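What follows is the residue order along each chain.
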Amino acid sequence: MGDDVKRIKDRLDIVDVIGDYVKLTRSGQNHKGLCPFHDEKTPSFHVSQARQTWHCFGCGKGGDVFTFVMEKEGLTFGEALESLSKRAGIDLQSVSEIGKDRRNLYDVMEYVAGIYCRSLTGAQGNVAQAYLSRRSIDREFWSSFQLGWAPPSWDFLIKEGRNSKLIDSNEMVRCGLIIEGERGFYDRFRGRVIFPIKDISGKTVAFGGRIIDGDGAKYLNSPETEIYSKRRTLYLIDKAKSAIREKGHAILVEGYFDAIRAHIRGFHQTVATLGTALTEDQASIIKRLADRVYICYDADGAGQNASIRGMYILQSAGLSVKVVRLPKGKDPDDILSSPGGDTEFSACLRSALSLVDYHITLMEPYLKDPDSRKSALEGLFDGLSSLDTVDISPHLPRLSAVLGIRDFEVLDALRSRRGVSSTTDRNRERTKEPIKAPDGLTDPDKVEMALVTLLWHESELRRSCDLSMILGLLSDERLKLMSISILSGESCESLERRWLETGDSFQARVLAKGGSYLEEFPQDFSVKWELFCSILRRKKAQMRYNELRVKMLQGQASSEEIVEHEELRQILCVK
């Protein structure tokens with residue numbers, strides 16, 4: 001399992017990979033540059049060619065080539081593994097037969113995308129070309145967005161596959177490209193402009209089609225398949241991911257043309273949903289890239305409640321949601337297609353409302369009407385109850401005024417909606433401890449990290465050291481678990497892959513930071529090991545000494561503890 005990771009690391013130089021994203025300059029044995037994960041003017045981002053690790057002394061992030069690509073591109077481990085394997089020019093050995101089969105489906109989708117593209121630019125694409133011209137999508141952008149054309153024939157794609165002998169009907173059925181009916185196979189997409197839908201790593205997983213003439217739904221999307229789930233996909237996410245990271249926010253629109261027009265006019269951080277309410281999976285994708293999202297579609301229509309629920313899903317995922325109000329009757333494509341549209345659109349973004357403000361504004365007319373007040377309250381409280389009190393507090397005065405009740409009554413109503421007793425909740429809020437940072441954001445002691453890093457790199461130490469002794473020296477529970485894993489007998493390559501697959505960068509960060517600290521000590525590994533063990537033993541003894549001293553001062557120490565205190569005093573040379 002870990003062979004793929006090792007082979008990729010052996011083939012790729014982390015300096016070359018990171019150098020594609022960051023301007024690096026040599027600094028002694030290492031390279032440094034401006035951190036791509038936070039704003040800084042003085043370089044604190046260091047890359048070690050010898051250890052093949054990176055570490056930022058400013059924001060604290062670090063790891064190896066996999067964690068860098070996962071962090072920078074917003075990829076899962078599997079996606080990063082595939083991306084880096086292509087860069088390294090190697091085939092993945094650990095891909096199962098199912099995985100190989102899925103990769104074949106990706107190849108089918110890419111091949112079919114090429115067929116549709118050629119169909120658009122050929123003679124049979126005249127109708128589609130005229131339509132795109134009317135929509136002001138110039139020819140230069142057709143290839144940029146890989147636009148295509150599915151002729152109105154019932155068996156155009158079937159014939160293309162048969163003639164090429166590169167794809168068969170079974171594969172196209174599994175990809176949702178053709179349908180098996182009572183009279184045989186026929187094409188799903190007919191007489192439609194085609195929009196390839198790609199995953200975040202740029203692989204074509206589905207298609208959307210816009211009908212030009214005739215009967216049928218205006219838009220038709222691929223069905224759910226082995227490689228496509230609309231809940232986990234956003235249109236143009238592969239093109240938008242870098243801009244989303246750079247800008248710190250995403251712009252979310254509804255339609256293909258809205259997204260394409262936004263990109264053409266320079267709003268490269270734009271993505272579109274795919275005919276479904278916003279989902280937790282889509283929220284997770286955006287959250288991996290940025291902390292803020294601008295919702296830029298009409299929530300005043302029949303799908304208003306579903307749209308609002310989706311926005312709260314984004315907010316609950318930790319995103320700051322801003323809702324953009326467009327001029328009545330216009331969508332982003334309308335605005336951006338007009339002269340000065342980019343300026344007008346930017347102004348709309350600047351005046352966007354917070355989600356809570358927007359929801360209150362949307363519901364206010366219905367709250368004033370006795371006939372609709374109850375349902376409006378239900379919808380408003382359903383959304384607000386999904387948020388923390390901290391997020392709602394700034395809006396309490398307005399909520400109180402609109403609802404005609406006092407602040408604490410608003411909070412009590414929300415607590416009731418969450419199923420929490422208002423009295424209990426109020427008492428808890430008075431006495432609760434300060435919010436602590438997530439465990440993964442707090443780094444352990446650097447000496448402990450260095451000790452574990454030595455254990456990771458030196459096979460001789462792994463063979464000779466005593467696990468119970470190491471666990472006794474470490475205070476951080478995560479490092480204890482890491483040490484147990486390292487000494488379990490599992491190969492480092494396999495272990496590293498397993499860690500990466502969890503999506504947790506803690507272990508990679510420990511090895512990067514521990515390695516940086518080890519560089520400060522020129523001695524060989526055995527001398528370093530004894531030094532760090534000695535430091536940690538003394539630290540542990542000091543903590544125990546302090547604990548016993550408190551008990552003695554309080555008159556609570558036993559005779560054995562008094563003896564232990566004196567022994568520790570002599571060891572620590574305390575006067």
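It should be noted that the structure appears before, not after, this text.
A quick note: this is a predicted structure, and the numbers were derived from the prediction, not measured.

Novice: Sorry, what's going on with the packing of aromatic side chains here?
Specialist: Working definition: an aromatic ring pair is given by the centre-to-centre distance plus the angle between the planes. Counting across every chain of the model gives 20 aromatic pairs. With centroids separated by 5.2 Å and ring planes inclined at 75°, the aromatic side chains of Tyr517 and Phe521 adopt a geometry described as edge-to-face. Neither Tyr517 nor Phe521 differs from the other in exposure class; each is buried. Every member of this aromatic cluster is reached through a ring pair, and the members are Tyr131, Phe195, Tyr219, Tyr235, Tyr256 and Phe257. The residue whose ring lies beneath Arg135 is Phe257, and the NZ or CZ to ring-centre distance is 3.9 Å. The aromatic ring of Phe145 is capped on one face by Lys239, whose charged end is 5.5 Å from the ring centroid.

Novice: How should I be thinking about the sheet that holds strand E11 (residues 219–221) in this particular structure?
Specialist: In a beta sheet, neighbouring strands pair by backbone hydrogen bonds and run either parallel or antiparallel. Strand order across the open sheet formed by four strands is E6-E9-E10-E11, with antiparallel pairing between neighbours. The outermost strands of the open sheet, each flanked by one partner alone, are strand E6 (148–150) and E11. Sheet twist, expressed as the mean angle between neighbouring strand axes with direction ignored, is 35°. Contacts from helix H11 (residues 256–264) reach strand E9 (192–198), strand E10 (204–211) and E11 within the one sheet, and its direction differs from that of E9 by about 70°.

Novice: Looking at this structure, how should I read the nonpolar core?
Specialist: Looking at soluble globular proteins, one finds that nonpolar side chains tend to be buried together. Ranked by size, the top nonpolar core spans 74 residues in total, and within it Phe45 and Leu314 carry the most contacts. Here this core gets seven residues from one element, more than from any other, and that element is helix H16 (residues 355–368). If near-sequence neighbours (up to four positions away) are discounted, Leu314 is found in contact with Leu252, Leu278, Ala283, Ile286, Val293, Ile295, Leu319 and Val321.

Novice: Explain the packing of helix H1 (residues 3–11) against helix H4 (residues 77–88) here, please?
Specialist: Packed helix pairs are specified by the crossing angle of their axes together with the interaxial distance, meaning the distance between the axes. Contact pair H1 / H4: the axes reach a minimum separation of 10 Å and the direction vectors enclose 45°. By the angle class used here, H1 and H4 are oblique. The interaxial crossing formed by H1 with H4 has left-handed handedness. For the pair H1 and H4, the contacting residues are Asp4, Val5, Ile8 and Arg11 in the first and Phe77, Leu81, Leu84, Ser85 and Ala88 in the second. Here the contact of H1 with H4 is composed, by residue class, of six nonpolar, one polar and two charged.

Novice: Before we go on, may I ask you to explain the pattern of salt bridges in this structure?
Specialist: Any two side chains of opposite charge can pair if their charged atoms end up close together. Evaluated as defined, the whole model comprises 28 salt bridges. Across the salt bridge formed by Lys9 and Glu496, the nearest N and O atoms sit 2.1 Å from each other. Linking Lys9 in helix H1 with Glu496 in helix H26 (residues 492–501), this pair joins segments that are 487 residues apart in sequence. For Glu496, a relative accessible area of 14% gives the class buried. As a salt-bridge pair, Glu477 and Lys480 come within 3.4 Å of each other at their nearest N and O atoms. Remark: Lys480 and Glu477 occur in helix H25 (residues 477–486); sequence separation between them is three residues, near one turn of the helix. Shared partners join several salt bridges into a network, and the residues in it are Glu82, Lys86, Asp199 and Lys203.

Novice: Mind showing me how you'd approach the environment of Gly515 here?
Specialist: Among the structural elements, Gly515 can be located in helix H27 (residues 506–518). By relative accessible area, which is 2% here, Gly515 ends up buried. Counting along the chain gives 454 residues from Gly515 to Lys61, while the straight-line C-alpha distance between them is 14 Å. With residues up to four places along the chain from it excluded, the contact list for Gly515 reads Arg51, Thr453 and Val510.

Novice: Please clarify how the packing of helix H19 (residues 396–403) against helix H20 (residues 407–418) should be interpreted in this entry.
Specialist: Between H19 and H20, the shortest axis-to-axis distance is 9 Å and the interhelical angle comes to 90°. With respect to H20, the element H19 is oriented roughly perpendicular. The segment H19 lies against H20, with Leu396, Pro397, Leu399, Ser400 and Leu403 engaging Asp407, Val410 and Leu411. Taken together, the residues that form the contact of H19 with H20 break down as six nonpolar, one polar and one charged.

Definitions and limits used
- Residues numbered from 1 in each chain as written.
- Predicted model: local features only at pLDDT ≥ 70, side-chain atom pairs only at ≥ 80, totals over all residues.
- Heavy atoms only, no water.
- Phe/Tyr/Trp six-rings, centres within 6.5 Å; stacked < 30°, edge-to-face > 60°.
- Buried < 20%, exposed > 50% of the residue type's maximum accessible area, 1.4 Å probe, protein only.
- Lys NZ or Arg CZ within 6 Å of the ring centre and 35° of its normal.
- Pairing = 2+ DSSP bridges.
- Helix = DSSP H or I, 4+ residues; strand = E, 2+ residues; numbered from the N terminus.
- Axes fitted to C-alpha atoms, helices over the stretch in contact; angles between N-to-C directions.
- Contact = heavy atoms within 4.5 Å.
- Core = buried A, V, L, I, M, F, W, Y, C linked by side-chain atoms within 4.5 Å.
- Parallel < 35°, antiparallel > 145°, perpendicular 65-115°, else oblique.
- Left-handed = near helix turned anticlockwise from the far one by under 90°.
- Nonpolar A, V, L, I, M, F, W, Y, C, P; charged D, E, K, R; others polar.
- Salt bridge = Lys/Arg side-chain N within 4 Å of Asp/Glu carboxyl O.

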